[in-house]
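# Coordinates in review
In case you want the letters, here they are:
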Amino acid sequence: MAEMSNSNLEKPTIIQQAIASCCGAIITSLLVSPLDVIKTRLQAQSNPFPKGKCFVYSSGLMDHICVCENGDSNAWYKKPGNFKGTLDAFVKIIRIEGIKSLWSGLPPTLIMAVPNTIIYFTLYDQLREALKYRLEKDDGYIPILAGSLSRCNSITVVSPLELIRTRMQHRKLSYKQLYLCVSTKVAADGWFSLWKGWSSTVLRDIPFSAMYWYNYERFKKMMCNKVGAHEPTFFIAFASGAASGSISAVITQPFDVVKTHKQTALWESETLEIPQRESTSTWAVMRKIVASNGITGLFAGIIPRLCKVAPACAIMISTYEYGKSFFSHLNEKMNQRP
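Residues numbered from 1 in each chain as written. Predicted model: local features only at pLDDT ≥ 70, side-chain atom pairs only at ≥ 80, totals over all residues. Heavy atoms only, no water.

### Quick word on the overall build of the protein
The helix and strand tally for the protein stands at nine helices and two strands. Across the 338 residues of the protein, 48% fall into the buried class. Counting contacts in the protein only where the partners sit at least 6 residues apart, residues at least 24 apart contribute 76% of the total. Of the roughly 17,700 Å² of accessible surface on the protein, a fraction of 64% belongs to carbon and sulfur atoms. (Helix = DSSP H or I, 4+ residues; strand = E, 2+ residues; numbered from the N terminus. Buried < 20%, exposed > 50% of the residue type's maximum accessible area, 1.4 Å probe, protein only. Contact = heavy atoms within 4.5 Å. Areas by Shrake-Rupley, 256 points an atom, 1.4 Å probe, with all protein chains shown as cover.)

Here is the structure:
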């Protein structure tokens, strides 16, 4: 496959990077979301969700807490079905409900996933270039620092929006009611209450991001050197993204389990109005999981997570790199015009 760009091409602008990351986010969500729709439908079939029950839905880019509605609702995750497995569910949903049903949970999550991804990827590239310029060399720890800072910023910006989105989804609030709900919460618990759950998200996502970008840049450089390419081809970016995403997912899985446990417990207690009596600190939850299920409990769900993370990372980064390459060629052509 031909190289996606050459070293002498004009670098894409920050707006072009944002457009490339936006396209990558949409494509990744469209391709990966059906896996979670099927997983949720199979889960609901074997163990029906009662009112107030929470489950995690992933668009391929972000995890979202969904709070179950009343038992008689027609929500997408409560549609009847007699599925024998993943492939059977895939075929039956398309044949009986139509292909659009595979993206039933996508629309509300795209509102969060797209801006989060734009901030994350664009900021990473900007920080990496700034650090390289400031240090006047391309050190191996630059991707770690740039990846960690960009992820921390994107989480901080999006966390209050995720809290508000989940409240709207659960209680069907009008904008006026939502404003009163948020202002009451801020008055009672302070502004920091809007970032509830931020710490558990950071504990998972920042190590993931640091390892992901470090390994991605290493794999990309190694594969480029092997084939004699100055910049990554689509295949190199795809393979590097899948490999680095898989490694990061395995190492950070315990934090993912804890984060999911804490978020679902928080929303279920608020929905059912049951006060939480146990400690909700990360280490307390981790000890509880180990005491109940052993050390393997911290790695519960690793296979399904890998099945989503690996392709999601591969699709996102290869689409993003291809988009940047497209704009680099476009910029070069524009500069060559008389």
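### Re the pairing of strand β2 (residues 63–67)
In terms of burial, β2 is largely enclosed, as four of its five residues are buried. As paired elements, strand β1 (residues 54–58) and β2 share five bridges and run antiparallel to each other. Looking at the pairing, cysteine 54 lines up with valine 67 of β2. (Pairing = 2+ DSSP bridges.)

### Re the environment of serine 159
Mapped onto the elements, serine 159 comes out in helix α4 (residues 142–171). Serine 159 sits 39 residues away from tryptophan 198 along the chain, and the two C-alpha atoms are 6.6 Å apart. Residues contacting serine 159, with those up to four places away along its chain left out, are Leu194, Trp195 and Trp198.

### Things to note about the packing of aromatic side chains
Applying the stated criterion to the full structure yields 18 aromatic pairs. Plain terms: the ring middles of phenylalanine 55 and tryptophan 76 are 6.2 Å apart, the flat faces sit at 80° to each other, and that makes the pair edge-to-face. Highlighted residues: phenylalanine 55 in strand β1 and tryptophan 76 in the loop between β2 and α2 (86–97), separated in sequence by 21 residues. Look at phenylalanine 55 and you get buried, because its relative accessible area is 4%. Three or more aromatic residues link up through ring pairs in this structure, and these residues are Tyr120, Phe121, Tyr124, Phe208, Tyr212, Trp213, Tyr216 and Tyr320. A cation over a ring is seen here: arginine 151 above tyrosine 120, with NZ or CZ 4.6 Å from the ring centre. (Phe/Tyr/Trp six-rings, centres within 6.5 Å; stacked < 30°, edge-to-face > 60°. Lys NZ or Arg CZ within 6 Å of the ring centre and 35° of its normal.)

### Side note on a nonpolar patch on the surface
A grouping of Phe234, Phe238, Tyr322, Phe326, Leu330 and Met334 is seen on the molecular surface, where their side chains present a nonpolar patch of about 570 Å² in accessible area. Of all the secondary-structure elements, those providing two or more residues to the nonpolar patch are α7 (234–271) and α9 (302–336). Here the nonpolar patch takes four residues from α9, the largest share from any one element. The residue tyrosine 322 is located in helix α9 in this model. (Patch = residues over 30% accessible without salt bridge, like charges linked within 9 Å, V, L, I, M, F, W, Y side chains within 5 Å. Salt bridge = Lys/Arg side-chain N within 4 Å of Asp/Glu carboxyl O.)

### Notes on the layout of surface pockets
If you add up the space inside the largest pocket, you get close to 1,100 Å³. In terms of lining residues, the largest pocket is bounded by 40 residues, among which Val56, Asp63, Arg204, Asp256 and Thr260 are the most central. Among the elements of the structure, α1 (14–46), β1, α3 (106–135), α6 (198–227), α7 and α9 are those that each provide at least two residues to the lining of the largest pocket. Class assignment of the residues belonging to the lining of the largest pocket gives a composition of 18 nonpolar, 13 polar and nine charged. (1 Å grid on protein atoms, 1.4 Å probe; cavity = no way out; pocket = protein on both sides within 12 Å on 5 of 7 lines; lining within 4 Å. Points joined across faces, edges and corners; volume = space filled by probe spheres on them. Nonpolar A, V, L, I, M, F, W, Y, C, P; charged D, E, K, R; others polar.)

### Quick word on the packing of α1 against α2
A packed helix pair is summarised by two numbers, namely the angle formed by the two axes and the spacing between the axes. Two elements in contact, α1 and α2, have axes separated by 10 Å at closest approach and are oriented at 100°. The orientation of α1 relative to α2 falls into the category roughly perpendicular. Listed contacts from α2 to Ile38, Arg41 and Leu42 of α1 are Thr86, Ala89, Phe90, Ile93 and Glu97. (Axes fitted to C-alpha atoms, helices over the stretch in contact; angles between N-to-C directions. Parallel < 35°, antiparallel > 145°, perpendicular 65-115°, else oblique.)

### Considerations on the environment of serine 318
Within the secondary structure layout, serine 318 lies in helix α9. Put simply, serine 318 and alanine 237 are 81 residues apart on the chain and 4.9 Å apart in space, counted from C-alpha to C-alpha. Those residues in contact with serine 318, other than ones at most four positions away along the chain, are Phe234, Ala237 and Phe238. Among the polar contacts made by the side chain of serine 318, one reaches the main-chain carbonyl oxygen of alanine 314 at a distance of 2.6 Å. Separated by 3.2 Å, the side chain of serine 318 and the backbone oxygen of isoleucine 315 make a polar contact. (Polar contact = N/O pair within 3.5 Å; in protein donor to acceptor, adjacent residues only side chain to side chain.)

### Remarks on the nonpolar core
Phe121, Phe208, Tyr212, Trp213, Tyr216, Ile317 and Tyr320 are the most contacted members of the largest nonpolar core, which totals 25 residues. Going through the elements one at a time, α1, α3, α4, α6, α7 and α9 are the ones with two or more residues in this core. With seven residues, the single largest contributor to this core is α3. Excluding anything up to four places from it in sequence, tyrosine 216 contacts Ala237, Ser240, Gly241, Ser244, Ile317 and Glu321. Counting eleven residues, the second-largest nonpolar core is a separate cluster that includes Phe49, Cys66, Trp76 and Leu106. (Core = buried A, V, L, I, M, F, W, Y, C linked by side-chain atoms within 4.5 Å.)

### Let's talk about the UniProt feature "transmembrane region" (unreviewed entry) in the protein
If you check UniProt for "transmembrane region" (unreviewed entry), the listed places come out as residues 14–32 and 102–121 in our numbering. As annotated, residues 14–32 comprises 100% helix and 0% strand, and the C-alpha atoms at either end are separated by 26 Å. With 80% helix and 0% strand, residues 102–121 has end C-alpha atoms that lie 27 Å from one another. (UniProt positions renumbered as here; feature names shortened; annotations may be inferred.)

### Some details on the side chain of lysine 324
Assignment of secondary structure puts lysine 324 in helix α9. Lysine 324 sits in the buried class, given a relative accessible area of 12%. Discounting chain neighbours no more than four positions away, the residues touching lysine 324 are Pro12, Gln17, Ala20 and Asp125.

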